[in-house]
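Structural overview for review
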Amino acid sequence: MSSFVRKYIKGDQTIWVIVVFLALVSLLTVYSATGSLAYKTQGGNTTYFMFKQLTFLLMGIGVIVVVHHIPYKYFVIFSVPALYISIAMLGLTLVSGQNLNEASRWFTVPGIGISFQPSEMAKLALIVYVARVLAQHQRDDGPTEGAFWPIMIHAGIVCLLIFPENLSTSVLLAGVVMLMMFLGRVPFKYLFFTGFTGLAIVSLVLILAMNDVVLIDRAETWAARVERFMEDENQEDEYGSDYQLTQSKIAIATGGMIGKGPGNSEQRNFLPHPYSDFIFAIIAEEFGFFGAVAVVIAYFFLLGRIGVIVNSSKRTFPAFMVLGLGLMLVIQAFVNMGVSVGIFPVTGQPLPLVSMGGTSILFTCFGLGAILTVSRYNQQEKAREKAAEARLAKTEQEN
């Protein structure tokens, strides 16, 4: 086993530990949170979803192992084709995608019958493309103005295609791209104008939806969630105006410091989607304050290790790629946890590597594999430098 680890498990070891920890948390929590779902859909077979989640987690770890051995230069080569394929699938999904929870987010591969969310692939493809463009336009003598329009055109297309069916993913992806451009030295005046325009468009859609002037089918749902979130600040009734958030808060409050123990959640029977959107509430209920904090710390550690990898990168493309992928993953995690505690309006963002779901896990693991391939390369570069220094020192001693 140790020889296998030394041969195949490369890159930042802390990230590998975090992956294993979150996978274990996922298995325990999904097994507990899917109890009611199992009785409704699987005839009471409560282990069905646990083994399904285990399968996806093992597949995801396999994806990390494979991807982190791919030289990052291939991400540069395939970033543009992957982006255009993602755009095509997003367009097809809008027209003829599978409808789930009143949103067409699923694309079925013809002839195979496998369904997945193209938005997950599009997130990765766009971030890698943005990293490529930023790297190509870096200059030592000034800002990278030339990167703005290529990035904005492609990011605008992707975000607009995601926007009608998944507002939160569209906004989250746009925010990460803006952060990447800011750190890539794109002039702030461009970013300010773009951010202001995007915020104005989203606000206009929500205002029109609130006044029954519906432009997009999902707009009424978004507006209702924002209204419930705003009303919840001044609750006048016993249970609050948002059933989901109320049940989530009950789960967190009754968990106490040490929790009720694995499998002992009560709110899983009342909370909608306790195995995905609100899985953090179940973690807090069953593992308590300490368990919830451990999960939060895991994502903070992941962000810290991503910073180390970026600082260790001597080339711009891998640094930007790791930065974008890492920010996307960690920000999504904190949005999910923030929804459970009432910081943000209800969204459909899963908790990376923890929430139940195949598409999210596999594409998250692909992103982690890309991060680890840069870490592996940095370690190899450092080892080569040390070897070269040792040879030089030996040569000087001999002379």
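Our structure is the block above this text.
Being a predicted model, the structure only gives us computed values, none of them experimental.

About the criteria used
Residues numbered from 1 in each chain as written. Predicted model: local features only at pLDDT ≥ 70, side-chain atom pairs only at ≥ 80, totals over all residues. Heavy atoms only, no water. Helix = DSSP H or I, 4+ residues; strand = E, 2+ residues; numbered from the N terminus. Buried < 20%, exposed > 50% of the residue type's maximum accessible area, 1.4 Å probe, protein only. Contact = heavy atoms within 4.5 Å. Areas by Shrake-Rupley, 256 points an atom, 1.4 Å probe, with all protein chains shown as cover. Patch = residues over 30% accessible without salt bridge, like charges linked within 9 Å, V, L, I, M, F, W, Y side chains within 5 Å. Salt bridge = Lys/Arg side-chain N within 4 Å of Asp/Glu carboxyl O. Axes fitted to C-alpha atoms, helices over the stretch in contact; angles between N-to-C directions. Parallel < 35°, antiparallel > 145°, perpendicular 65-115°, else oblique. Left-handed = near helix turned anticlockwise from the far one by under 90°. Polar contact = N/O pair within 3.5 Å; in protein donor to acceptor, adjacent residues only side chain to side chain. 1 Å grid on protein atoms, 1.4 Å probe; cavity = no way out; pocket = protein on both sides within 12 Å on 5 of 7 lines; lining within 4 Å. Points joined across faces, edges and corners; volume = space filled by probe spheres on them. Core = buried A, V, L, I, M, F, W, Y, C linked by side-chain atoms within 4.5 Å. Expected span 1.5 Å × (residues − 1). Nonpolar A, V, L, I, M, F, W, Y, C, P; charged D, E, K, R; others polar.

A look at the overall build of the protein chain
Of the regular secondary structure elements, the protein chain holds 14 helices and three strands. Counting the 399 residues in the protein chain, one finds 47% classified as buried. If you take every contact in the protein chain between residues at least 6 apart in sequence, the share linking residues at least 24 apart comes to 71%. Surface accessibility of the protein chain: about 19,500 Å² in total, with carbon and sulfur atoms responsible for 65%.

Some details on a nonpolar patch on the surface
Where nonpolar side chains cluster on the molecular surface, the patch consists of Val-66, Ile-70, Tyr-74, Ile-77 and Phe-78 and spans about 470 Å² of accessible area. Looking at the nonpolar patch element by element, the count peaks at three residues for helix H5 (residues 73–96). Note that Phe-78 resides in helix H5.

Brief notes about the pattern of salt bridges
Inspection of the entire model under this criterion finds five salt bridges. Ionic pairing is found between Lys-260 and Glu-266, a salt bridge with its closest N-O pair at 3.9 Å. Residue class for Lys-260 comes out partly exposed when judged on its relative accessible area of 26%. Judged by relative accessible area, Glu-266 falls into the partly exposed class, the value being 47%. We note a salt bridge from Glu-285 to Lys-260, for which the minimum N-O separation is 2.8 Å. Residue Glu-285 is found in helix H12 (residues 279–312), and its partner Lys-260 is found in the loop between helix H11 (243–255) and H12; the two are separated by 25 residues along the sequence. Residue class for Glu-285 comes out buried when judged on its relative accessible area of 0%. In the salt-bridge network here, residues are joined through shared partners; they are Lys-260, Glu-266 and Glu-285.

Overview of the packing of helix H6 (residues 118–136) against helix H14 (residues 358–398)
With their axes 9 Å apart at the nearest point, H6 and H14 run at an angle of 10 degrees to one another. As summarised for this structure, H6 and H14 are arranged roughly parallel, according to the angle between their axes. Remark: the crossing between H6 and H14 carries right-handed chirality. Facing Glu-120, Met-121 and Leu-124 of H6, the residues of H14 in contact are Thr-359, Ser-360, Phe-363, Phe-366 and Gly-367.

Digging into the side chain of Thr-373
With respect to the helices, strands and loops of the structure, Thr-373 is situated in helix H14. A distance of 3.2 Å separates a polar side-chain atom of Thr-373 from the backbone oxygen of His-68. If near-sequence neighbours (up to four positions away) are discounted, Thr-373 is found in contact with Val-67, His-68, His-69, Ile-70, Pro-71, Tyr-72 and Phe-75.

Some remarks on empty space enclosed by the protein
Tallied over the entire structure, the rule returns two cavities of 30 Å³ or more. Taken together, 15 residues make up the lining of the largest cavity; nearest its centre are Leu-124, Met-328, Leu-329, Phe-363 and Thr-364. When contributions to the lining of the largest cavity are tallied by element, the ones reaching two or more residues are H6, helix H13 (316–341) and H14. Of the residues forming the lining of the largest cavity, the biggest block, six residues, is contributed by H14.

Overview of unusual backbone geometry
Of note in this structure, His-273 is not a glycine but carries a positive phi near 50 degrees. Considering the arrangement of structural elements, one finds His-273 in the loop between H11 and H12. The phi dihedral of Leu-353 is positive, around 70 degrees, even though this residue is not glycine. Within the secondary structure layout, Leu-353 lies in the loop between H13 and H14.

So, the nonpolar core
Among the nonpolar cores identified, the biggest contains 83 residues, and Leu-126, Val-158, Leu-173, Tyr-299, Leu-302, Met-321 and Leu-368 are the most heavily contacted of them. Per-element tally for this core: the top contributor is H13, with 13 residues. Look past the residues within four positions of Val-158 in its chain and what remains in contact with it is Leu-83, Ile-87, Leu-90, Ala-122, Leu-126 and Leu-173. Counting 12 residues, the second-largest nonpolar core is a separate cluster that includes Ala-33, Leu-37, Phe-278 and Val-339.

Observations regarding the side chain of Thr-29
Mapping Thr-29 onto the fold places it in helix H2 (residues 13–33). Apart from the residues lying within four places of it in its own chain, the contact partners of Thr-29 are Ile-279, Ile-282, Ile-283 and Phe-287.

Let's talk about H11
Taking 1.5 Å as the rise per residue, H11 with 13 residues should run 18 Å; its terminal C-alpha atoms sit 19 Å apart, in good agreement. The secondary structure elements touched by the buried residues of H11 are H12 and H13. Positive phi shows up at Gly-256, right after H11, with a value of about 65 degrees.

Some words on the packing of H11 against H13
Running from amino to carboxyl end, H11 crosses H13 at an angle of 90 degrees, the nearest separation of the two axes being 7 Å. Relative to H13, the element H11 lies roughly perpendicular. Across from Leu-245, Ser-248, Lys-249 and Ile-252 in H11, the residues of H13 making contact are Val-339, Ser-340 and Val-341. For the contact of H11 with H13, the class distribution of residues is four nonpolar, two polar and one charged.

Keep in mind these values describe shape, not function.
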